[in-house]
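Here's the letter readout for the chains.
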Amino acid sequence: MTAAESPPFAQKPVSSASLESLFRELFPGRRFLVASNREPYEHLWSEEVGEVRVRMPPGGLTSALDPLLQALGGTWVAWGSGEADASVVDDSDSVRVPPDDPRYTLRRIWLTHHDIHRYYLGFSNQFLWPLCHLRPDLTRIRARYWERYRKVNRRFAEAIVDDVRGESAAVWFQDYHLALAPAYVRERRPDLTLAHFWHIPWPPVDIFRLAPHAERLLHGLMANDLVGFQLPTFCDNFLRCAQALTNAEIDWRERSVTSGGHTCHVRALPISIDIDAFRAAASGPTAEAQMERLRQRYLPGGGLVGIGVDRLDYSKGIPEKFKALEFLWERYPEFRERVTFVQVAVPSRTDIEAYDDLTQKVDRQTREINDRFGTDRWRPIHLIKQSLPADRLAVLYRLADFCIVSSLQDGMNLVAKEYVASQVDCRGLLLLSRFTGAAEEMSDATLINPYDPEQMAVDIRDALVLPAERKVEMMNTLQGSLSTIFDWMADVFCEWGGVTQARVRPARLADEGLEDDEEIVA
Ligand code: GDG
């Protein structure tokens, strides 16, 4: 049996179908709604005049939630960002998806130019994002950003309430763009059960307290029944913020916060990836042929190839990674012409100055390093600034002898998990920043400190010269520690179902005039 046939991953039999029955068991009679900034399908004008084509924007979460929505048949509320989105919706701004076999409703929220500038690029990405990534120096506080953030969150809430109508529902919010929407929904529909997953770090109270609207943001999230974070530390930070900045009561044993008679539970629920999808894309004859082509391109003279895959974001530590590689080639000349680095860095949020500065810095560093060490036969750094198709990415992960994740702060970091999942031959090394959520689970990675590039160069060298058997051993352990995104969803549902039943049950018993233990005896 080959390595590809016997993945050593922690296997649990969770699939979209079993998630569907789990949902129905935990949330009887409730419809399922998801709300996120990004939509799972975009409609675009095709080359043919008047024709529309559909695209699934790349993104692990949207592609993982889509089969679940397809199985449960609910509604997904999101910003309609595609240029032809408005041309295909009905009177309630909705369209059934997937287009070939419609199974659920995509309900679109329209954003104007000002909305995008102030709610998305402004409050979300120039205030909350830097604040949560411990960069208060990059925050931009503007009253108009906050006002628009409130308005757009209110619009999401109205669409949700309208879509639910007289029915009962479970609504799952995603991420930092929608911190206020849960409170707006709760005002109108106290009977709904609401959960939120916060994908990025939650900062310590000393940082969060500089938010002028800290209390409002906390109350927005506390309207949920469950708020999930990537790590226990983020849960603690959130509860400490609630304790210091609101009048809520904290129950540290239960990890919950109560305000205005409503209790919100806070849990660490680390996210993962669709392991099988990456492994399948990295396996088979087509992948192997593609791998050979890439090997010829990046390693015509042989040697080792390293990979980095990051959005071009200052939280990802790309300049620090390049500095460490520069030290590596400077101090250990034996690695020149022997180690090539491929960095996929897709530009993101390009209208924001800090991102523009970063792009220029990364371009400059690449030029300087390639000028300094490059030869006629060898280019040290290949910088790819465009999004690669998912299957190409999986092949690159498999090809790479090592992967460097050097985030300065990162809620989880899915790239680390994708690299490990795609290591069909089990020989790659993962160098992983201590400041990622992933580092908490992946202790057999080589943990690095991106704030210390000189030491990082030493760590890279030490890792590269490890005996092959040790590398296989480490990769096996890493693969054994991975669980799938479907396990994550099952964990979210179980926690959410548990807290919902605990809330609903006493109310139902009171309606029936029963004491709690009377029903247990019955
Ligand atoms: C946030 C949190 C948390 C990148 N380039 C290409 C491409 N990608 C994909 C990767 C990966 C995703 O983008 C990036 O995910 P990360 O987890 O690394 O980072 P964020 O975008 O900052 O995500 C993070 C995550 O939410 C989930 O909760 O882990 O901490 O910051 O999936 O593969 N995909 C394709 N081509 C590319 O060129 N197809």
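The structure contained in this document is the topic of the report that follows. Because the structure is a prediction, the values reported are computed rather than measured.

### Topic: the overall build of the protein chain
Logical step 1: Scanning the protein chain from terminus to terminus reveals 19 helices and 18 strands.
Logical step 2: Over its C-alpha trace the protein chain gives a radius of gyration of 24 Å, about what one expects of a compact globule, namely 24 Å for 522 residues.
Logical step 3: Judged by the C-alpha coordinates and their principal axes, the protein chain covers about 80 × 55 × 50 Å.
Logical step 4: A buried classification covers 55% of the 522 residues belonging to the protein chain.
Logical step 5: Sequence-distant contacts in the protein chain: of pairs separated by 6 or more residues, those separated by 24 or more amount to 76%.
Logical step 6: Of the accessible surface of the protein chain, which amounts to about 22,000 Å², a share of 48% is contributed by carbon and sulfur atoms.
Logical step 7: If you average the places of the 61 positive and of the 76 negative side-chain charges in the protein chain, the two averages end up 4 Å apart.

### Quick word on the sheet that holds strand E5 (residues 94-97)
Logical step 1: Taking strand neighbours across the sheet as the criterion, the ten strands line up as E5-E6-E4-E1-E7-E8-E9-E12-E11-E10 in an open arrangement whose pairing is mixed. Across the chains shown, the open sheet's two edge strands, defined by having one partner strand only, are E5 and strand E10 (249-251). If you compare each strand with its neighbour and ignore which way they point, the axes differ by 20° on average.
Logical step 2: Relative to strand E7 (residues 169-174), strand E1 (residues 31-35) runs parallel, the two being bridged by five bridges. Across the sheet, residue valine 34 finds its bridge partner in E7, namely tryptophan 172.
Logical step 3: The strands touched by helix H8 (residues 232-245) within the sheet are strand E9 (226-229), E10, strand E11 (256-259) and strand E12 (262-268), with E12 carrying the most contacts at an inclination of about 150°.

### Digging into the pattern of salt bridges
Logical step 1: For the structure on display, the rule yields 38 salt bridges.
Logical step 2: We note a salt bridge from aspartate 162 to arginine 165, for which the minimum N-O separation is 3.8 Å.
Logical step 3: For aspartate 162, a relative accessible area of 31% translates into the label partly exposed.

### Regarding the nonpolar core
Logical step 1: Counting residues in each nonpolar core, the largest one holds 78 residues, and the members touching the most others are Phe32, Trp172, Leu430 and Trp488.
Logical step 2: Of all the elements, helix H18 (residues 485-511) adds the most residues to this core, at nine residues.
Logical step 3: Looking at which domains feed residues into this core, each of domain 1 (16-272 + 487-512) and domain 2 (275-481) gives three or more.
Logical step 4: Apart from the residues lying within four places of it in its own chain, the contact partners of phenylalanine 32 are Phe23, Leu68, Leu69, Leu72, Gly74, Thr75, Ala170, Trp172, Phe493 and Trp496.
Logical step 5: Core analysis: the next-biggest nonpolar cluster, separate from the first, contains 67 residues, Phe127, Trp129, Leu131 and Tyr149 among them.

Analysis parameters
- Residues numbered from 1 in each chain as written.
- Predicted model: local features only at pLDDT ≥ 70, side-chain atom pairs only at ≥ 80, totals over all residues.
- Heavy atoms only, no water.
- Helix = DSSP H or I, 4+ residues; strand = E, 2+ residues; numbered from the N terminus.
- Rg over C-alpha atoms; globule rule 2.2 N^0.38 Å.
- Buried < 20%, exposed > 50% of the residue type's maximum accessible area, 1.4 Å probe, protein only.
- Contact = heavy atoms within 4.5 Å.
- Areas by Shrake-Rupley, 256 points an atom, 1.4 Å probe, with all protein chains shown as cover.
- Lys, Arg positive; Asp, Glu negative; His and termini not counted.
- Charge placed at Lys NZ, Arg CZ, Asp CG, Glu CD.
- Pairing = 2+ DSSP bridges.
- Axes fitted to C-alpha atoms, helices over the stretch in contact; angles between N-to-C directions.
- Salt bridge = Lys/Arg side-chain N within 4 Å of Asp/Glu carboxyl O.
- Core = buried A, V, L, I, M, F, W, Y, C linked by side-chain atoms within 4.5 Å.
- Domains from an automatic or database assignment.

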